[in-house]
Amino acid sequence: MIASIPFPDVSPTLISVDIPLWQFSLAGMDFDLGGFELALRWYALAYIAGILLASWIMRRALRRPALWPQKRPAFSESNLDDLITWLIFGIIIGGRLGYVLFYNPSYYLTNPAAALRIFDGGMSFHGGFLGVVAAGLLFCRKNKIPLLKASDVMAASAPAGLLFGRLANFINAELWGRETTLPWGVIFPGIDAQTCLEAAAGFCARHPSQLYEALGEGLILGAVLLYLLFRTGALRRSGLLTGIFLIGYGLTRFMVEWVRQPDAQFQTMDNPIGYAVQLGPTGLTMGQILTLPMLLAGLWLIQKARAKQ
């Protein structure tokens, strides 16, 4: 029997409360106008925790002027609260639009109202990243803040959200990897997760790709960026931390995509894995394709920062 790990018994919903809308009795008859469910889900909690931790990291950096060029932080702490609001809207709007445009445009062209149903799932990191870039650019232009100086401190704090987000993906039993016989393969629940080409012993074990990404783009990349931020004076070379973040995330995502199951809408009889671009027996996933520009931009920013030394 092939060794594997059963999926832990944990619900995606942390707390759920049914709240009645209106119940009353009249002339001996009971009337119930229904109600709604108020739920706190791990995914929402991950967003909140990531934003709070990222805000705390940026605030710590702003309170240490010696880390910055000419000992002048990119912006003030009062600006930070406004910036976080802008970034939240960038993440949500960009993440949803990215999923709609990059991963399933044909479906949403015929069902445009479904694009607004963000609580049904479907968020793209690359779309969220572009949303953050747009929000940061607009915010910096509005407040006359140097863009690269601001992006460096944002980049150093970004892995906090990635770490919690990927852990929430695991708890939600979504975005799992391809089938595997490795001993740390996880038996994810659900018909889709248990539909494998070569299921053994009546079950299908898959790579816990969410945990790979939480480790790589969250914990390891975050530790590297925080060390560079607070211990090496990397903020004095504008664009360096942003470039390192792009390279670190890009390499992690590109490698994990080799064992992560691509989105089902790309799968066909001739393309069972679901490559967005098929190259014979192999190919590139949509995640890999969208990561390539990030890698190029990261290399350019690092070279530009080094040239200023």
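Higher on the page you've got the structure.
Participant: What exactly am I supposed to notice about the overall build of the protein chain here?
Facilitator: When helices and strands are tallied, the protein chain shows eight helices and eight strands. Of all 309 residues assigned to the protein chain, the portion counted as buried reaches 42%. If you take every contact in the protein chain between residues at least 6 apart in sequence, the share linking residues at least 24 apart comes to 69%.

Participant: Whenever I open this one, the pattern of salt bridges confuses me. Can you help?
Facilitator: Side chains bearing opposite charge may pair, as long as their charged atoms lie close to each other. Using the criterion set out here, one finds nine salt bridges in the structure. Taking the shortest distance from any N to any O, the salt bridge between R59 and D81 comes out at 3.1 Å. Here R59 is found in helix α1 (residues 42-62), whereas its partner D81 is found in helix α2 (residues 77-103), with 22 residues between them in sequence. Among the ionic pairs, E213 bridges to R166, the shortest N-O distance being 3.3 Å. Of this pair, E213 sits in helix α6 (residues 209-231) while R166 sits in helix α5 (residues 147-171), and the two are 47 residues apart along the sequence.

Participant: Help me out: how do you make sense of the nonpolar core in this one?
Facilitator: Core analysis: the largest hydrophobic core is formed by 38 residues, its most contacted members being W68, F75, L229, L241 and F245. When contributions to this core are tallied by element, the ones reaching two or more residues are α1, α2, α4 (125-143), α5, α6, α7 (240-256) and α8 (286-307). Tallying contributions element by element places α5 first for this core, with six residues. Apart from the residues lying within four places of it in its own chain, the contact partners of F245 are F125, F129, A155, A158, P159, L162, L221, L225 and G250. Membership of the second largest hydrophobic core comes to nine residues, among which are Y99, F266, M286 and L290.

Participant: Hey, could you run me through the packing of α5 against α6 in this one?
Facilitator: Helix-helix packing: each pair is described by the crossing angle between the helix axes and the interaxial distance. It is the contact of α5 with α6, at a shortest axis distance of 8 Å, that shows an interaxial angle of 160°. Regarding the angle of α5 to α6, the classification is roughly antiparallel. Where α5 crosses over α6, the handedness of that crossing is left-handed. Of the residues in α6, those in contact with A155, A156, P159, L162, L163, R166, L167, N169 and F170 of α5 are Q210, L211, E213, A214, E217, G218, L219, L221, G222, L225, L226 and L229.

Participant: What's the story with the side chain of H126 in this structure? I'm lost.
Facilitator: Mapped onto the secondary structure, H126 falls in helix α4. For H126, a relative accessible area of 5% translates into the label buried. A polar side-chain atom of H126 sits 3.0 Å from a polar atom in the side chain of T291. Ignoring anything within four residues of it in the chain, the contact list for H126 reads F102, Y103, Y249, R253, G287, L290, T291 and M294.

Participant: How do you make sense of the side chain of R206 when you look at a structure like this?
Facilitator: Mapped onto the elements of the fold, R206 is located in the loop between β6 (186-187) and α6. Salt bridges are absent for the buried R206, whose nearest opposite-charge side chain, E179, sits at 5.5 Å. In this structure the side chain of R206 is engaged in a polar contact, spanning 2.7 Å, whose partner is the backbone oxygen of A193.

Participant: What is the right way to look at the environment of D192 in this model?
Facilitator: Mapped onto the elements of the fold, D192 is located in the loop between β6 and α6. Separated by 72 residues in sequence, D192 and A264 place their C-alpha atoms 9.3 Å apart.

Participant: Explain α4 to me, please; I cannot follow it from the model alone.
Facilitator: With 19 residues, α4 should cover 27 Å at 1.5 Å per step; its first-to-last C-alpha distance of 26 Å lies within 8% of that length. Residues of α4 that are buried include every one of F125, H126, G127, G128, G131, A135, G136, F139 and C140, and no others. On the buried face of α4, the contacting elements are α2, α5, α7 and α8. A side-chain oxygen of the first residue of α4 lies 3.3 Å from the backbone nitrogen of H126; this N-cap is S124. Note on α4: the residue one or two positions beyond its end, K144, has a positive phi of about 55°.

Participant: Is there a simple way to explain the state of the cysteines in this structure?
Facilitator: A disulfide bridge is the covalent bond that connects two cysteines by way of their sulfur atoms. Here the structure, examined in full by the defined rule, presents one disulfide. In this model, C196 is linked to C204 through a disulfide, with the two sulfur atoms separated by 1.6 Å. Disulfide C196-C204: the torsion about the S-S bond is -50°, which places it as left-handed.

The rules we used
Residues numbered from 1 in each chain as written. Predicted model: local features only at pLDDT ≥ 70, side-chain atom pairs only at ≥ 80, totals over all residues. Heavy atoms only, no water. Helix = DSSP H or I, 4+ residues; strand = E, 2+ residues; numbered from the N terminus. Buried < 20%, exposed > 50% of the residue type's maximum accessible area, 1.4 Å probe, protein only. Contact = heavy atoms within 4.5 Å. Salt bridge = Lys/Arg side-chain N within 4 Å of Asp/Glu carboxyl O. Core = buried A, V, L, I, M, F, W, Y, C linked by side-chain atoms within 4.5 Å. Axes fitted to C-alpha atoms, helices over the stretch in contact; angles between N-to-C directions. Parallel < 35°, antiparallel > 145°, perpendicular 65-115°, else oblique. Left-handed = near helix turned anticlockwise from the far one by under 90°. Polar contact = N/O pair within 3.5 Å; in protein donor to acceptor, adjacent residues only side chain to side chain. Lys, Arg positive; Asp, Glu negative; His and termini not counted. Expected span 1.5 Å × (residues − 1). Disulfide = S-S within 2.5 Å.

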